[in-house]
Amino acid sequence: MSFQTTYLRDFPEHIAIIMDGNGRWAKARHRPRVFGHQKGVETVRHVVEQAAEIGVRCLTLYSFSTENWSRPKAEIAALFNLLKKYVESDLESLHARDVRVRILGSRVGLKPDLLELIERVETTTQGNTKFSLNIAFNYGGRDEILRAAAKAAKAGEDFATMSDADFGRYLDTADLPEVDLVVRTSGECRISNFLLWQAAYAEFYFTDVLWPDFTIDDLSAAIEEFRARDRRFGNLSTPEVA
Ligand code: IPE
Ligand code: IPE
Ligand code: MG
């Protein structure tokens, strides 16, 4: 990348990606779906490494949805295994690169060894500040809102007077910046229960590229398009600032 994006105007603070198309990528190669998921992890590795270089500071990746429990048991097991392997093998290098890792989503249905690993990666990296990597795993937007409401109720919050910023502090994304840009690969144009609350004013970018083929240049293209959009937030167009 030849440009130093850190200084660019209108750069998205928080990018979220629906990593879709692993199965179709594998099918096109007459390989099992799991082969596509394996390749998808390599894409995650490259994108996370290179995103920091182009100025991204906060990235959220959708890797297993609450609806994905309806897939065949063997595929679910493979996806769980891949998450574990990725976190185990990359923890040290992510930590060395000052990456803070959070795992968003419900802990219900996760086995003790995975819970222990999640705890370990979050604790080890909690002081890191250069880059924020959030993996949405066993995540559903509606489930997150319900869990947040339950936490808020337990804390004695009064919903009648609560602001949306107050409520946001009970979400899995508490402390993270607003989601500015949601990218979805593989040509599907839906949100699939991802960041329903947080994406309220996000810009959406859809690309036909399948996740295993996605590169940092595709991410740069999404960012460039984002920067050219006129975000009005219900207001009128703002005049260009000199
Ligand atoms: C995305 O790829 C990964 C997950 C949803 C876990 P898919 O597995 O959905 O791939 P397609 O959409 O069937 O091609
Ligand atoms: C969304 O992809 C979930 C993840 C990328 C983890 P899906 O492939 O599961 O979504 P649908 O079925 O196309 O809505
Ligand atoms: Mg899919």
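Residues numbered from 1 in each chain as written. Chains lettered and ligands numbered in written order. Predicted model: local features only at pLDDT ≥ 70, side-chain atom pairs only at ≥ 80, totals over all residues. Heavy atoms only, no water.

(A) Quick look at the site of ligand 1. Near ligand 1 you find Met19, Asp20, Gly21, Asn22, Gly23, Arg24, Arg33, His37, Ser63, Asn68, Arg71 and Leu79, and these make up its full shell. In the model, an oxygen atom of ligand 1 is placed 3.4 Å from a nitrogen or oxygen of the Gly21 main chain. In the model, an oxygen atom of ligand 1 is placed 3.2 Å from a nitrogen or oxygen of the Asn22 main chain. Here ligand 1, which alone exposes 380 Å², has 86% of that area covered by the protein. Looking at the shell around ligand 1, the elements that each hand over two or more residues are helix 1 (22–27) and helix 2 (33–53). Here the shell around ligand 1 gets 3 residues from one element, more than from any other, and that element is helix 1. (Near = heavy atom within 4 Å. Polar contact = N/O pair within 3.5 Å; in protein donor to acceptor, adjacent residues only side chain to side chain. Areas by Shrake-Rupley, 256 points an atom, 1.4 Å probe, with all protein chains shown as cover. Helix = DSSP H or I, 4+ residues; strand = E, 2+ residues; numbered from the N terminus.)

(B) Inspection of the pattern of salt bridges at higher detail. In this structure the tally under the stated criterion is 19 salt bridges. Here Lys84 makes a salt bridge to Asp113, at a shortest N to O gap of 2.8 Å. Highlighted residues: Lys84 in helix 3 (residues 73–96) and Asp113 in helix 4 (residues 112–125), separated in sequence by 29 residues. A cluster of three or more residues bridged by salt bridges with shared partners is formed by Asp20, Arg24, Arg184, Glu188 and Arg190. (Salt bridge = Lys/Arg side-chain N within 4 Å of Asp/Glu carboxyl O.)

(C) Region of the structure containing the site of ligand 2. Neighbouring ligand 2 are the residues Ile18, Met19, Asp20, Tyr62, Ser63, Phe64, Asn68, Arg71, Arg184, Arg190 and Ser192. Taking Asp20, its side chain carries an N or O atom lying 3.2 Å from an oxygen atom of ligand 2. In the model, an oxygen atom of ligand 2 is placed 2.8 Å from a nitrogen or oxygen of the Arg190 side chain. In the complex, the protein chains occlude 78% of the 390 Å² of accessible area that ligand 2 would expose alone. Broken down by element, the residue count for the shell around ligand 2 peaks at 3 residues, all from strand 2 (residues 58–65). Grouping the amino acids of the shell around ligand 2 by side-chain chemistry returns 4 nonpolar, 3 polar and 4 charged. (Nonpolar A, V, L, I, M, F, W, Y, C, P; charged D, E, K, R; others polar.)

(D) Molecular detail of the nonpolar core. Ranked by size, the top nonpolar core spans 45 residues in total, and within it Ile17 and Leu219 carry the most contacts. It is helix 3 that provides the largest number of residues to this core, a total of 9 residues. Residues Ala16, Ile18, Leu195 and Ala202 belong to the second largest nonpolar core, which totals 12 residues. (Core = buried A, V, L, I, M, F, W, Y, C linked by side-chain atoms within 4.5 Å. Buried < 20%, exposed > 50% of the residue type's maximum accessible area, 1.4 Å probe, protein only.)

Function cannot be inferred from these measures alone, as they are strictly geometric.
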